[in-house]
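Letter by letter, the chains look like this.
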Amino acid sequence: MQTPAVNASTAAGDTERALGLADGLASDELRQLLIDGPRFDQAMAALDRAYATDRDAQDVRSSYQHALQQRLGTGPDAPRLSRLHCGISHCLGEITGTLENPSVLFGAPRDAVGRQLPVNEAMVRSILAAEGGPTGYRLAFSLDPTPRTGPSTAR
């Protein structure tokens, strides 16, 4: 018989797999998720629900939230991390504002006490305004030390 904590952890891992995060960040499914606003919102809500009571996931979220906002800057015109939800091995987030170079987000992020945080794969997609300029970005990144290059296979 499994304990509630084991059941919750299994369900949370199933959520990451169902969102296509376990198949690697190069998957077409994840690319579509980052482009499709309503689907992205649903994925963010699902990740939040699955890990809302998981202390480890909340610690991961807090650390990366701090690190990403530090990367974005703190001035009045700086972009803002508007949402971030993390599981144990993946995070989804959204940034409002514009960035000159979105890849700067993932260059050796550090937590509040200066420890380097792993980012092993990352994908960033622009959210475009009607006139064509970016108004924000959706992002996904993996903390998994084993990057995936295609769909994972069950063994």
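The structure we're discussing is the one just above.
Residues numbered from 1 in each chain as written. Predicted model: local features only at pLDDT ≥ 70, side-chain atom pairs only at ≥ 80, totals over all residues. Heavy atoms only, no water.

J.: Mind laying out the pairing of strand 1 (residues 80-86), listing which residues take part and the relevant values?
T.: Relative to strand 2 (residues 90-96), strand 1 runs antiparallel, the two sharing six bridges. Across the sheet, residue Leu-81 finds its bridge partner in strand 2, namely Ile-95. The antiparallel hairpin formed by strand 1 and strand 2 contains three residues in its connecting segment. (Pairing = 2+ DSSP bridges. Helix = DSSP H or I, 4+ residues; strand = E, 2+ residues; numbered from the N terminus.)

J.: An account of the environment of Val-104 is needed here, citing residue identities and associated values.
T.: Its place among the elements puts Val-104 in the loop between strand 2 and strand 3 (121-128). A relative accessible area of 38% places Val-104 in the partly exposed class. Separated by 36 residues in the primary sequence, Val-104 and Leu-68 place their C-alpha atoms 9.6 Å from one another. (Buried < 20%, exposed > 50% of the residue type's maximum accessible area, 1.4 Å probe, protein only.)

J.: Explain helix 4 (residues 55-72) residue by residue, including any values.
T.: With 18 residues, helix 4 should cover 26 Å at 1.5 Å per step; its first-to-last C-alpha distance of 26 Å lies within 8% of that length. When we look at burial in helix 4, the residues that qualify are Ala-57, Val-60, Tyr-64, Ala-67, Leu-68, Gln-69 and Leu-72. Sitting at the head of helix 4, Asp-54 places a side-chain oxygen 3.0 Å from the backbone nitrogen of Asp-56. (Expected span 1.5 Å × (residues − 1). Polar contact = N/O pair within 3.5 Å; in protein donor to acceptor, adjacent residues only side chain to side chain.)

J.: Describe the state of the cysteines, listing the residues and the values that go with them.
T.: Counting across every chain of the model gives one disulfide. Between the sulfur of Cys-86 and that of Cys-91 lies a disulfide, 2.1 Å long from S to S. Taking the torsion about the S-S bond as the criterion, the Cys-86 to Cys-91 disulfide, at about 110 degrees, is right-handed. (Disulfide = S-S within 2.5 Å.)

J.: Can you break down the pattern of salt bridges residue by residue, with the values?
T.: In total, this model carries four salt bridges according to the counting rule given. The residue Asp-41 makes a salt bridge to Arg-83 at a minimum N-O spacing of 2.8 Å. Residue Asp-41 is found in helix 3 (residues 37-51), and its partner Arg-83 is found in strand 1; the two are separated by 42 residues along the sequence. Looking at Arg-83, the relative accessible area reads 25%, which means it is partly exposed. Between Arg-138 and Glu-94 there is a salt bridge, with the nearest N and O atoms lying 3.3 Å from each other. (Salt bridge = Lys/Arg side-chain N within 4 Å of Asp/Glu carboxyl O.)

J.: For helix 3, give the residues involved together with the corresponding values.
T.: In this model helix 3 runs 21 Å from its N-terminal to its C-terminal C-alpha over 15 residues, within 8% of the 21 Å that 1.5 Å per residue would give. Considered for burial, the residues of helix 3 that qualify are Gly-37, Phe-40, Ala-43, Met-44, Ala-46, Leu-47 and Tyr-51.

J.: Explain the nonpolar core to me, and be specific about the residues and the numbers.
T.: Ranked by size, the top nonpolar core spans 18 residues in total, and within it Tyr-64, Leu-68, Leu-84, Ile-95, Leu-105 and Phe-141 carry the most contacts. Those elements giving two or more residues to this core turn out to be helix 4, strand 1, strand 2 and strand 4 (134-142). In terms of residue count, helix 4 provides more of this core than any other element does, five residues in total. Discounting chain neighbours no more than four positions away, the residues touching Leu-68 are Leu-81, Leu-84, Leu-105, Phe-106 and Phe-141. The next biggest cluster of nonpolar side chains, apart from the first, holds 15 residues, and it includes Leu-19, Leu-21, Phe-40 and Tyr-51. (Core = buried A, V, L, I, M, F, W, Y, C linked by side-chain atoms within 4.5 Å. Contact = heavy atoms within 4.5 Å.)

J.: Talk me through the packing of helix 2 (residues 28-35) against helix 3; I want residue IDs and the actual numbers.
T.: The contact between helix 2 and helix 3 brings their axes to 5 Å, and the two run at 105 degrees. With respect to helix 3, the axis of helix 2 lies roughly perpendicular. Touching Glu-29, Gln-32, Leu-33, Leu-34 and Ile-35 of helix 2 are Gly-37, Arg-39, Phe-40 and Ala-43, all from helix 3. (Axes fitted to C-alpha atoms, helices over the stretch in contact; angles between N-to-C directions. Parallel < 35°, antiparallel > 145°, perpendicular 65-115°, else oblique.)

Purely geometric numbers; function is a separate question.
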